[in-house]
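Here is what each chain is made of, one letter per residue.
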Amino acid sequence: MTVTPGVDAPTWPEEFAARYRAAGYWRGETFGRMLRERATAHPDRVALVDPAPERRTWTYGELDARADRLAAGFAARGIAKGDRVVVQLPNVGEFVEVVFALFRIGALPVYALPAHRETEIGHFCSFTEAVAYVVPDVHAGFDHRRLATRVKELAPSLRDVFVVGEPGEHTPLSDVPCDPAGPFDEPEPHELAFLQLSGGTTGVSKLIPRTHDDYLYSLWASNEICGVDADTRFLVALPAAHNFPMSSPGWLGVLYAGGTAVLAPKPDPATAFPLIERERITMTGLVPPLALVWTEAAARAKHDLSSLELTLVGGAKYSEAAARRLEPTLRCRLMQVFGMAEGLVNYTRLDDDVETVVSTQGRPISPDDEIRIVDDTGHEVPDGAPGQLLTRGPYTIRGYWRAPEHNRNAFTEDGFYRTGDLVRRTPSGHLVVVGRAKDQINRGGEKIAPEEVENIILAHPAVHDVSVVAVPDAYLGERSLAYVILREGAEPLKPVAVKRFVRERGVAAYKVPDLVEFVAAFPQTGVGKVSKNQLRSTAEQH
Ligand code: OOB
């Protein structure tokens, strides 16, 4: 089934699109052509390094040729423009090869995280009517081929499973490449490039439709802000499929600039520090808990980290005290980033003073990022006061993919995205994140929709009701706590049994509640609804 822009993926009204083109934000480029141009300009420069288990490199010329051959192979297997392909790969070179091959034929990667399991993958595959699913053989001790076999039963549209490594009953990715056969039905710059996942506040993740034009703008503008150029050597420490390490400025930004992206198999100092030394890494991006660990480890590190010039920290609130420690210990610049897969990204700037860098989450990329900070009734708050952040702009979506009902609430009538974040604005235009209005848990940058976990726990026969809330945590920022009311007369349950029940449903491990507590009743609001605010205050006592 083809994708109809505007219906499946609400798009920018023509007057806005015209304005963004006239301002030079949307340059009429596509990812496929971008890589081709870089490969023509500097074929022998190294684009990509996959250091483990043995070091592999791809020059721009090699990556381009490889993307062409894979694209031809995918096309020969019937994958066509507009088709969705769920890609669930860890930080390996094949991830980059596969997505550029898909970009080239206009098929849309759907970026799953390595942690996702049957529930999430089954949903992505069936909801998007994906025709193919790309997996590693075994990653972090988990056999993705067996997951793929089960998912095939859930999603009848799925024709192919391609495996990086030992294929089992599926198709090895190494069998796919063909000699390029003629030009492909290439996508246009205004068309969709991929579907990114939302952190979500509802039962299932919403899909975020990003176009070549809008995403490429966020890349080159991020490059200018972060000082990314052909000499940049960027360490992809976080999962490559997440929007932050992909585009802020991330591996895609680095490839745009002609630099080198190095894929870390894991983000811990024991893995990352030797890589920084060996690969002369100049830049990386971390979530706050990792930044804490790196800062502590750097104080007694034996490795030479002197090549590191800039560390970006974002994805969740970075405490001011922790932010203050980063520059002196890692001996590089800090940049805070407050972004969202839906679009808007804020950075502190290289010429901001230290106080601004440690105490704010940055200001928007674009002069045309419109920011409104409003109260509960939708009215703008006085300057400097906290309120809910709404935004609209040249790289912020106008609606989720195939979600018209949800879009009615998630966006205002005039197209502003309701971020659900509570912020205040400083006189310099920087935003400070002060809290959250949306029902979401931010577990060290990994987003959990309480409703999704509640729905799973509710399916337990002994459970009468459940409410999942955040508990403050010194390391992760937040952890999850499930308050459970048991059915009358039900056998008493242990917390561990509730956790096991969630895990066995086949969801990403980070969604399994960290804590489970049994209660007799929930506090109620005036209108008789469960008061999550009160539950959260109780949870803060933990
Ligand atoms: C990034 O993207 P998502 O889509 O996983 O999560 C977005 C949400 C924001 O709405 C906000 O609630 C939270 O994550 N967030 C932050 C933050 N950065 C993101 N909250 C406080 N302080 C920060 N610095 O997380 C993302 C996307 C692109 C770049 C960076 C992060």
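On a predicted model such as this, the values are computed, not experimentally measured, just so you know. (Residues numbered from 1 in each chain as written. Predicted model: local features only at pLDDT ≥ 70, side-chain atom pairs only at ≥ 80, totals over all residues. Heavy atoms only, no water.)

### Comments concerning the environment of Arg418
Now for step 1: Mapped onto the secondary structure, Arg418 falls in strand β21 (residues 417–425).
Now for step 2: Sequence-distant contacts of Arg418, defined by excluding residues within four places in its chain, comprise Leu389, Leu390, Asn409, Ala410, Phe411 and Thr412.
Now for step 3: In terms of polar contacts, Arg418 uses its side chain to reach the backbone carbonyl oxygen of Asn409, at 2.7 Å. (Helix = DSSP H or I, 4+ residues; strand = E, 2+ residues; numbered from the N terminus. Contact = heavy atoms within 4.5 Å. Polar contact = N/O pair within 3.5 Å; in protein donor to acceptor, adjacent residues only side chain to side chain.)

### Description of the nonpolar core
Among soluble globular proteins, nonpolar side chains are generally buried collectively.
Now for step 1: With 149 residues, the main nonpolar core has Phe31, Phe74, Phe100, Trp251 and Trp294 as its most contacted residues.
Now for step 2: Here this core gets nine residues from one element, more than from any other, and that element is helix α4 (residues 93–105).
Now for step 3: When sequence neighbours within four positions are dropped, the list of residues in contact with Phe74 reads Ile79, Val98, Ala101, Leu102, Ile105, Phe162, Leu173 and Val176.
Now for step 4: Phe124, Tyr133, Leu197 and Trp401 belong to the second largest nonpolar core, which has 23 residues in total. (Core = buried A, V, L, I, M, F, W, Y, C linked by side-chain atoms within 4.5 Å. Buried < 20%, exposed > 50% of the residue type's maximum accessible area, 1.4 Å probe, protein only.)

### Some details on the site of the ligand
Now for step 1: Not every one of the 19 residues close to the ligand is listed here, only the nearest: Val337, Ala341, Asp421, Lys438 and Lys447.
Now for step 2: Within the contact set of the ligand, a nitrogen atom lies 3.4 Å away from a backbone nitrogen or oxygen of Lys317.
Now for step 3: In this structure, Lys447 approaches the ligand through a side-chain N or O atom, which is 2.9 Å from an oxygen atom.
Now for step 4: Protein chains shield 96% of the accessible area of the ligand, which is 600 Å² for the free molecule.
Now for step 5: Those elements giving two or more residues to the shell around the ligand turn out to be α8 (243–247) and β16 (333–340).
Now for step 6: Sorting elements by how many residues they give to the shell around the ligand places β16 first, with four residues. (Near = heavy atom within 4 Å. Areas by Shrake-Rupley, 256 points an atom, 1.4 Å probe, with all protein chains shown as cover.)

### Re the domain arrangement of the chain
Now for step 1: What the domain assignment lists for the chain is domain 1 (31–43 + 58–187), domain 2 (219–436) and domain 3 (441–539).
Now for step 2: Distance between the C-alpha centres of domain 1 and domain 3: 35 Å.
Now for step 3: When the buried area of domain 1 at its contact with domain 3 is split by residue, Ala115, Thr119 and Glu120 rank highest and sum to 67% of it.
Now for step 4: On the surface where domain 1 and domain 3 come into contact, there are one salt bridge. (Domains from an automatic or database assignment. Buried area = accessible area lost by both parts, 1.4 Å probe. Salt bridge = Lys/Arg side-chain N within 4 Å of Asp/Glu carboxyl O.)

### Describing the UniProt feature "domain: AMP-binding enzyme C-terminal" (unreviewed entry) in the chain
Now for step 1: UniProt's entry tags residues 452–529 with the feature "domain: AMP-binding enzyme C-terminal" (unreviewed entry), counted in the numbering of this structure.
Now for step 2: With 22% helix and 32% strand, residues 452–529 has its two end C-alpha atoms placed 18 Å apart. (UniProt positions renumbered as here; feature names shortened; annotations may be inferred.)

### Focus: the sheet that holds strand β17 (residues 343–347)
Now for step 1: Strand order across the open sheet formed by nine strands is β2-β1-β13-β12-β14-β15-β16-β17-β18, with mixed pairing between neighbours. At either margin of the open sheet sits one strand with a lone partner, and together these are β2 (56–59) and β18 (363–364).
Now for step 2: Relative to strand β13 (residues 260–263), strand β12 (residues 233–236) runs parallel, the two sharing four bridges. Pairing of Arg233 across the sheet is with Thr260, part of β13. (Pairing = 2+ DSSP bridges.)

### Some details on unusual backbone geometry
Now for step 1: At the junction of Ala52 and Pro53, the peptide bond is cis and its omega measures out at -5 degrees in the coordinates.
Now for step 2: Mapped onto the elements of the fold, Pro53 is located in the loop between β1 (46–50) and β2.
Now for step 3: Backbone torsion omega between Ser248 and Pro249 reads -20 degrees, so that peptide bond is classified as cis.
Now for step 4: By the element assignment, Pro249 lies in the loop between α8 and α9 (250–257).
Now for step 5: Despite not being glycine, Glu129 shows a phi value in the positive range, around 50 degrees.
Now for step 6: Tracing the backbone shows Glu129 in the loop between α5 (118–127) and β5 (132–136).

### Remarks on the packing of helix α10 (residues 269–279) against helix α11 (residues 288–298)
Now for step 1: Here α10 crosses α11 at 65 degrees, and the two axes come no closer than 11 Å. By the criterion of interaxial angle, the relationship of α10 to α11 is roughly perpendicular. For the crossing formed where α10 meets α11, the hand is right-handed. Mapping the contact onto sequence places Pro269, Ala272, Phe273 and Ile276 in α10 and Val293, Trp294, Ala297 and Ala298 in α11.
Now for step 2: A per-class count over the contact of α10 with α11 returns eight nonpolar, no polar and no charged. (Axes fitted to C-alpha atoms, helices over the stretch in contact; angles between N-to-C directions. Parallel < 35°, antiparallel > 145°, perpendicular 65-115°, else oblique. Left-handed = near helix turned anticlockwise from the far one by under 90°. Nonpolar A, V, L, I, M, F, W, Y, C, P; charged D, E, K, R; others polar.)

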